[in-house]
Amino acid sequence: MKYLGFDLGASSGKMMEGFLENGKLTTRVVHRFENRQTEICGGLYWDIINIYRNLLTGIQASLADRRDRLVSVGLDSYCNDFGLIGPDGRLLNQVRCYRDERTERHAAKIYGKVSAEEMYRTTGAQTALFNTSMEMAAMVYEGEKFLLDHTHKAMMLPDTLAYFLTGNMVTEYTMASVSQLFDWRRQTWAADMMRRLGIPENIFADVVETGYITGTIKPDLIGLTEADPPVSVVAVTEHDSAAAVVALPTSKDHVGFISSGTWSIVGTEVPEPIISDDTFACNIAYEGGIDHRYRQIKNVMGLWIFQECLFDYQKKTGQKPGYDEINAMAMAAPSGQCLIDPDNRLFYMPGNMIAKVQDFCRQSGQPVPEDFGHVVRCVLESLSLKYRMVYDQIEAVDGYELEQIHIVGGGAHNDLLNQWTADACQKTVYAGPYEAGLIGNLIVQMRTYGEVRDLKEGRQIIRDSFEIKEFQPEEREKWTEMYSRFVRIVEEAKHE
């Protein structure tokens, strides 16, 4: 038997099949495609039709290889964005991107209805403009409430795509937990808060547990007949970061993780949320995970800034350097000369990212990086120092030090960032697996069908199946000085 994972990121999508052989997980990528938001008339949109078309292409590619029977498909993606399904079962909206500026335009009015602190204490979700709560509440002020009122059910992206395949409407638990509309204590939608925001309280499909079988894919969609074995859709840990955490190759409890991609999700696993004035002030979130293990996390802007800088560089020069070449350029640049706060609002929207990095350095009285290698070094060193800042906050809340850090996801390929993270945090870093979201996705499917007993066995299988690199911390004094300067730069930028 084989299983197929679909992982949708903010810059690309990937589909990978997997099967167990002699206690190890064997994987094969069957389809890749680009995914980029498009600005139209002041709005920022995803091409949901193209995403769905690529999903079907990947399923058909897996079915074409008949050496093993395809049992199920699991879908994971970034969170918060949603499809609206009308009473006739049709899609009502062109799906907006979470970076759309409408939430910022109406944030003050939204928080006037329900304060940021009440939202946090009710849901445990971070205070952020990109939350589903903010996106839907902004629709009320943008003249789009009629869409919400005419919606039969709203679903997050993986569940919307699963509906297209099966005709069944559900909301997987980890996706519900990050919407900022789900009451973590009652484990249900926060109906009172939704009413006050102008969001219909029954708009979302029912929440199901991770591992639930959503339904069977309609045979005609993927070239099958009624006589062929059915292919199911499993509601995996559909939030991509939750899927990546499933794939942590460790049996230890007190470890940090960084799900490294366009966003860096920095955190650890805890048995239940610790909600306090301090966690609200630090914007430490508690998001649902596998087996209701909470992910205590902070979102950091991640490799988004680097990706956008690379996009600018390629557009300006026509060159497409490989990552080894980029790392060599960064290593040749001076260390610690200039630093940015990756989470500064300046870097949130796409476009002209190199100029934005230079502007931040100029405005904060630092040397301005002129060549591309210096810009990259500035961005990556700053990112590693931001990880240190987040872990300092988390350890203060939890009352213990984390033993090590596991970096998973596509960003774990970046050995330079991995080493600088070990240096900045002064902890041993383990990098891998690189396809953590897809691997976690596959493990959940295998558990649903009984090939994997539990999370512990799944993580052992991952440790046995994939290369994990180790990075030891170096240059303590240098990085301690850089961190002190970084903290000062971040604090000063808040007041500008």
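Anyway, here's the lowdown on the structure attached to this text. (Residues numbered from 1 in each chain as written. Predicted model: local features only at pLDDT ≥ 70, side-chain atom pairs only at ≥ 80, totals over all residues. Heavy atoms only, no water.)

### Topic: the side chain of Asn-54
Note the following rule: We count a stretch as a helix when DSSP gives it H or I for four or more residues in a row; a strand needs E for two or more, and each element gets its number in order from the N terminus. Exposure is judged per residue with a 1.4 Å probe applied to protein chains only, and the accessible area is read against the type maximum: over 50% gives exposed, under 20% gives buried, and values in between give partly exposed. In protein, a polar contact means a hydrogen-donor-capable atom and an acceptor-capable atom, both N or O and within 3.5 Å, with residues adjacent in sequence counting only if both atoms are side-chain atoms; elsewhere, any N or O pair within 3.5 Å suffices. Whether two residues are in contact is decided by their heavy atoms: any pair within 4.5 Å suffices.
As for its position among the elements, Asn-54 is in helix H1 (residues 48-64). What makes Asn-54 buried here is its relative accessible area of 10%. Within the local environment of Asn-54, its side chain forms a polar contact with the backbone oxygen of Asn-50, the two atoms lying 2.9 Å apart. Apart from residues lying up to four places away in sequence, Asn-54 is in contact with Met-15, His-31 and Phe-33.

### Notes on the packing of aromatic side chains
This is how it is decided: Side-chain rings of Phe, Tyr and Trp (the six-membered ring for Trp) are treated as a pair once their centres are within 6.5 Å; stacked means planes under 30 degrees apart, edge-to-face means over 60, and tilted covers the remaining angles. For a lysine, the NZ atom is tested; for an arginine, the CZ atom; a charge sits over a ring if that atom is within 6 Å of the ring centre and within 35 degrees of the ring normal.
Considering all chains together, one arrives at 18 aromatic pairs under this definition. Between Trp-46 and Tyr-98, the aromatic rings sit 6.3 Å apart at their centres with planes inclined by 50 degrees, giving tilted as the arrangement. Remark: Tyr-98 occurs in the loop between strand S7 (82-85) and helix H2 (102-113) and Trp-46 occurs in the loop between strand S5 (43-45) and H1; sequence separation between them is 52 residues. On the basis of relative accessibility, which here comes to 1%, the residue Trp-46 falls in the buried class. Using a relative accessible area of 4% as the deciding quantity, one classes Tyr-98 as buried. Relative to Phe-204, the ring of Trp-189 has its centre 4.3 Å away and its plane inclined at 15 degrees; by these criteria the two rings are stacked. With Trp-189 in strand S11 (residues 188-189) and Phe-204 in the loop between helix H8 (191-197) and strand S12 (207-208), this pair connects stretches of sequence that are 15 residues apart. For the pair shown, Trp-189 and Phe-204 are each scored as buried. A network of ring pairs unites the aromatic residues Trp-46, Tyr-78, Tyr-98, Phe-130 and Trp-263 as a single cluster. In this structure, Arg-99 packs its charged tip against the face of Tyr-348, placed 5.1 Å from the ring centre. Sitting above the plane of the Tyr-483 ring, Arg-388 keeps its charged end 4.1 Å from the centroid.

Fair warning: the whole summary comes from geometry, so function is off the table for now.
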